[in-house]
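Spelled out, the chains give:
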Amino acid sequence: MNSEEEEAALILCSMKNSKVDSTTSLQLEETRVSILKKHKLQHPSSLSPLSNNTRLLSLVPPSLAEVIGDCSTPFDKRLTGSDIQENQVRLLLKYRHVMQFLNPLLRPSEIYKIKKSGLTVCVYDSNGKMYEMVFSLWGTKAYVITTRNWFQFCVDHGFQTLLDWVTVWMFRHTLTGRICFVITSERRIFSKAIEPVFHLPAAARKKRSKGCSRSSNLKRRRLNDDGGDCRDN
């Protein structure tokens, strides 16, 4: 640590419990971001966190390529009716997906906040448009990305129940250090009819067909007999 760094550390220690006005706070934030940018240029990473994940590379909005740090593995979710309803305003994420894909990227303090009151996050679409939302625990068995901005996200992208799938992944912003999400969508329309879950063997299908035919013939004879009685009367 050189003399300038020592002086900066002492200043920060002295300001630990100080209160600053909004103008000073904004100036400090601008200075912090500027220093981080310089540090990134002077100490470039030898390995991009995206370089070994071909699928993830295809999902990165061009405008975010320079600010993506550590990132999670993407996962897919089919949108349900409750995901896009205006009175729900939340994207429901399965507990196991969050634990498997997202949780490893989170710091203990962030996990605590998500469980208690929710963590404010930036959510980006495929074009790099940002929506501010809240990532929080939903009950005990699920997580949600929520606020009114989620419904606006749905409207902007014309989501439809069961037809649209979203790909969700998370990254840490290299300049701000904040947790961010990228949510992209794909419409999947299946042209083929859904095949039955259970498939009967050929012999069983033939036997079942004969049984149905025999039953139909019996019903037909009964109807004819009833009709004959009516005509005689």
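What you see is a predicted model, and the numbers here were worked out from it, not measured in a lab.

(A) The arrangement of the overall build of the protein in detail. Broken down by element type, the protein carries seven helices and eight strands. When each of the 233 residues of the protein is scored for burial, the buried share is 30%. Taking the contacts inside the protein whose residues are at least 6 apart along the sequence as the reference set, 60% of them involve residues at least 24 apart.

(B) Main features of the pairing of strand E4 (residues 119-124). Extensive coverage of E4 is indicated by the burial of five of its six residues. Two elements, E4 and strand E5 (residues 130-138), share six bridges in a ladder whose sense is antiparallel. Following the sheet pairing, Val 121 is matched in E5 by Met 133. Taken together, E4 and the strand that follows it, E5, pair antiparallel across an intervening segment of five residues, in which Gly 128 is found at a positive phi of about 85°.

(C) Quick peek at the nonpolar core. Of all hydrophobic cores here, the largest spans 29 residues; its most connected members are Leu 93, Phe 135 and Phe 181. Taken together, the elements giving at least two residues each to this core come down to strand E3 (90-94), helix H4 (95-102), E4, E5, strand E6 (142-146), helix H6 (148-157), strand E7 (164-173) and strand E8 (179-187). If we skip the residues at most four places from it in the chain, Phe 181 touches Leu 102, Val 121, Cys 122, Val 123, Tyr 124, Phe 135, Ile 145, Val 168, Trp 169 and Met 170.

(D) Summary view of the environment of Ile 145. Following the sequence through the fold, Ile 145 ends up in strand E6. Judged by its relative accessible area of 0%, Ile 145 falls in the buried class. Taking the C-alpha atoms as reference, Ile 145 lies 9.0 Å from Val 123; in sequence the two are 22 residues apart. Excluding residues that lie within four positions of it along the chain, Ile 145 makes contacts with Val 89, Arg 90, Leu 91, Leu 93, Val 123, Met 133, Val 134, Phe 135, Trp 150, Phe 181 and Ile 183.

(E) Structural view of the environment of Lys 77. Looking at the element boundaries, Lys 77 is found in strand E2 (residues 75-78). Spatially, the C-alpha atom of Lys 77 lies 6.4 Å from that of Thr 167, the residues being 90 residues apart in sequence. When residues no more than four places from it in sequence are discounted, the contact partners of Lys 77 are Asp 83, Leu 91, Leu 92, Leu 93, Asp 164, Trp 165 and Val 166. Among the polar contacts listed, one links the side chain of Lys 77 to the side chain of Asp 83, at a separation of 3.1 Å.

(F) Spatial organisation of the side chain of Arg 172. Within the secondary structure, Arg 172 is located in strand E7. Classification of Arg 172 by relative accessible area gives buried; the value is 10%. A polar atom in the side chain of Arg 172 sits 2.8 Å from the side chain of Glu 110. Other than its neighbours up to four places away in sequence, Arg 172 contacts Val 67, Ile 68, Gly 69, Asp 70, Leu 105, Leu 106, Arg 107, Glu 110, Gly 177, Arg 178 and Ile 179.

(G) Structural detail: the confidence of the model for the protein. For the protein, the average pLDDT comes to 78, and 61% of its residues sit at 70 or higher. Confidence drops under a pLDDT of 50 for residues 43-48, and excluding neighbours within four residues, the segment shows one contact in the predicted structure. For residues 228-233, every residue scores under 50 in pLDDT, and the model assigns this stretch zero contacts once sequence neighbours within four places are set aside.

Conventions used here
Residues numbered from 1 in each chain as written. Predicted model: local features only at pLDDT ≥ 70, side-chain atom pairs only at ≥ 80, totals over all residues. Heavy atoms only, no water. Helix = DSSP H or I, 4+ residues; strand = E, 2+ residues; numbered from the N terminus. Buried < 20%, exposed > 50% of the residue type's maximum accessible area, 1.4 Å probe, protein only. Contact = heavy atoms within 4.5 Å. Pairing = 2+ DSSP bridges. Core = buried A, V, L, I, M, F, W, Y, C linked by side-chain atoms within 4.5 Å. Polar contact = N/O pair within 3.5 Å; in protein donor to acceptor, adjacent residues only side chain to side chain. pLDDT = per-residue confidence, 0-100.

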